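Structural characterization, general
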Amino acid sequence: MSEEKLYAIKNDDGEWADTNYTFGSCAWVTPDKNRREEDVRRHGGHVVTFIEEPEKVVLTKEQAEIVEETHEATWPAYYITQHAFSSDDEKLIMNAYVNGYTVAKEKKYLVELNGLVTTDGAKQYLTKKDGKWFASRRMSGLHQDFTDEELNKAPEWAQQLNREEMTAEIEHFGLQGFKKEEVTDDDN
């Protein structure tokens, strides 16, 4: 964020002064505050300061929850201090409380089941629909992009796909391995 400020002149009717000091809809701005104050003494109106809007910080869901709960706290700074995970986290949350924030998108993964193909040779992917987990080719309308949290709540056989080592159970199903690939919104 730039700390440079710009100044303009506005009258009591909400009209801006242009380069000829005619009040209308076009504002003449300058970084020279002293000049604008002198212009006000000569032509009327009052000086208006423009500052750049601060950039919103990106938070995790947990950090965003702390910010939201802080709005209800009697002592906001104390609340943040008590709930932040570290001093850096505390500074970030304070900044978000004052300037606003956005929540980071969770990473999603497409889990390819290597060695498992359809009868026509199409690759199979971990899939969930109507609460049931299974393998399917990549298709729209099927839930196939998973967050780590979703994978951790999956049945045990599906959770194994999220681990480095293959288990006997997975080998029993004939899987030779898996590939966990991060996906973006553009991939859907």
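Note: the structure precedes this text.
Each residue is numbered by its place in its chain's sequence as written, counting from 1. Totals for whole chains, interfaces and linings use every residue, but because this is a predicted model, local features are given only for residues with pLDDT of at least 70 and side-chain atom pairs only at 80 or more, for both listing and counting. With hydrogens and water stripped out, all remaining heavy atoms of the structure feed into the side-chain values.

1. Quick word on the side chain of Asp145
What counts here: The helix count covers DSSP runs of H or I at least four residues long, the strand count covers runs of E at least two residues long, and both are numbered beginning at the N terminus. Contacts described as polar in this section are N or O atom pairs within 3.5 Å, which, within protein, must combine one atom able to donate a hydrogen with one able to accept it, while residues neighboring in sequence count only if both atoms come from side chains.
Mapped onto the elements, Asp145 comes out in strand 10 (residues 145–146). A polar atom in the side chain of Asp145 sits 2.9 Å from the side chain of Arg138.

2. Quick word on the packing of helix 2 (residues 61–70) against helix 3 (residues 76–83)
Filter applied, for reference: All axes are obtained by fitting lines to C-alpha atoms, using only the stretch in contact for helices, and the reported angles, taken between N-to-C directions, cover 0 to 180 degrees. These descriptions rest on fixed angle ranges, namely under 35 degrees for roughly parallel, over 145 for roughly antiparallel, 65 to 115 for roughly perpendicular, and the rest for oblique. Here is the rule for handedness: rotate from the far helix to the near one, and if that takes an anticlockwise turn smaller than a right angle the crossing is left-handed, while a clockwise turn gives right-handed. We call two residues contacting when some pair of their heavy atoms lies within 4.5 Å. Lys, Arg, Asp and Glu make up the charged group, whereas Ala, Val, Leu, Ile, Met, Phe, Trp, Tyr, Cys and Pro make up the nonpolar group; the residues left over, Gly among them, are polar.
As a packed pair, helix 2 and helix 3 sit with axes 9 Å apart at the nearest point and diverge in direction by 155°. Classified by the angle their axes make, helix 2 and helix 3 are roughly antiparallel. Seen along the crossing, helix 2 lies across helix 3 with a hand that is right-handed. Within the contact between the two elements, helix 2 uses Ile66, Glu69 and Thr70 and helix 3 uses Pro76, Tyr79, Ile80 and His83. Taken together, the residues that form the contact of helix 2 with helix 3 break down as 4 nonpolar, 2 polar and 1 charged.

3. Section: the environment of Gly100
Within the element layout of this structure, Gly100 appears in the loop between helix 4 (87–99) and strand 6 (101–103). Considering only alpha carbons, one finds Gly100 and Pro54, 46 residues apart in sequence, at a separation of 8.5 Å.

4. Details of the nonpolar core
The line we're drawing: Only buried residues count toward a nonpolar core, which is a set of Ala, Val, Leu, Ile, Met, Phe, Trp, Tyr and Cys residues joined through side-chain atoms within 4.5 Å. Exposure classes here rest on a 1.4 Å probe applied to the protein chains alone. A residue is buried below 20% of its type maximum, exposed above 50%, and partly exposed in between.
Ranked by size, the top nonpolar core spans 10 residues in total: Val57, Leu59, Ala64, Ile66, Val67, Tyr79, Ile80, Ala84, Ile93 and Ala96. Looking at this core, the elements with two or more residues in it are strand 5 (57–59), helix 2, helix 3 and helix 4. With 3 residues, helix 2 is the single largest residue contributor to this core. In terms of nonpolar packing, the next biggest core, distinct from the first, is built from 8 residues, Val111, Phe146, Leu151 and Ala158 among them.

5. So, helix 4
What sets the pattern is the α-helix's 3.6 residues per turn: residues three or four places apart point alike. Under the convention used in this document: One fewer than the residue count of a helix, multiplied by 1.5 Å, yields its expected span. Directions from the helix axis toward the C-beta atoms define the arc.
Taking 1.5 Å of rise per residue, 13 residues should cover 18 Å, and helix 4 covers 18 Å from first to last C-alpha, within 8% of that figure. Among the residues of helix 4, those classed as buried are Asp89, Ile93 and Ala96. Buried positions in helix 4, seen along its axis, are confined to an arc of 60° and lie on one side of it. Structural note: helix 4 exposes Asp88, Lys91 and Val98 on the side pointing more than 90 degrees away from its buried face. A positive backbone phi angle near 95° is found at Gly100, which sits one or two residues after helix 4.

6. Focus: the pattern of salt bridges
Charged atoms that come close allow side chains of opposite charge to pair. Heads up, the rule is: A pairing counts as a salt bridge when a side-chain nitrogen of Lys or Arg comes within 4 Å of a carboxyl oxygen of Asp or Glu.
Under the definition given, this model contains 10 salt bridges. A salt bridge links Arg42 to Glu38, with the shortest nitrogen-to-oxygen separation between them at 3.4 Å. Here Arg42 pairs with Glu38, and both are found in helix 1 (residues 33–43), just 4 residues apart, close to one helical turn. A residue is classified by how much of its surface remains accessible, and Arg42, at 61% relative accessible area, is exposed. Looking at Glu38, the relative accessible area reads 30%, which means it is partly exposed. Of the charged contacts in the structure, one is a salt bridge between Glu149 and Lys61, with a shortest N-O distance of 4.0 Å. Taken together, the residues Glu149 in helix 5 (residues 148–153) and Lys61 in helix 2 connect sequence positions 88 residues apart. Among the residues examined, Glu149 registers a relative accessible area of 40% and is labelled partly exposed. Several salt bridges share partner residues, and in doing so they unite Lys61, Glu106, Glu149 and Lys153 into one network.

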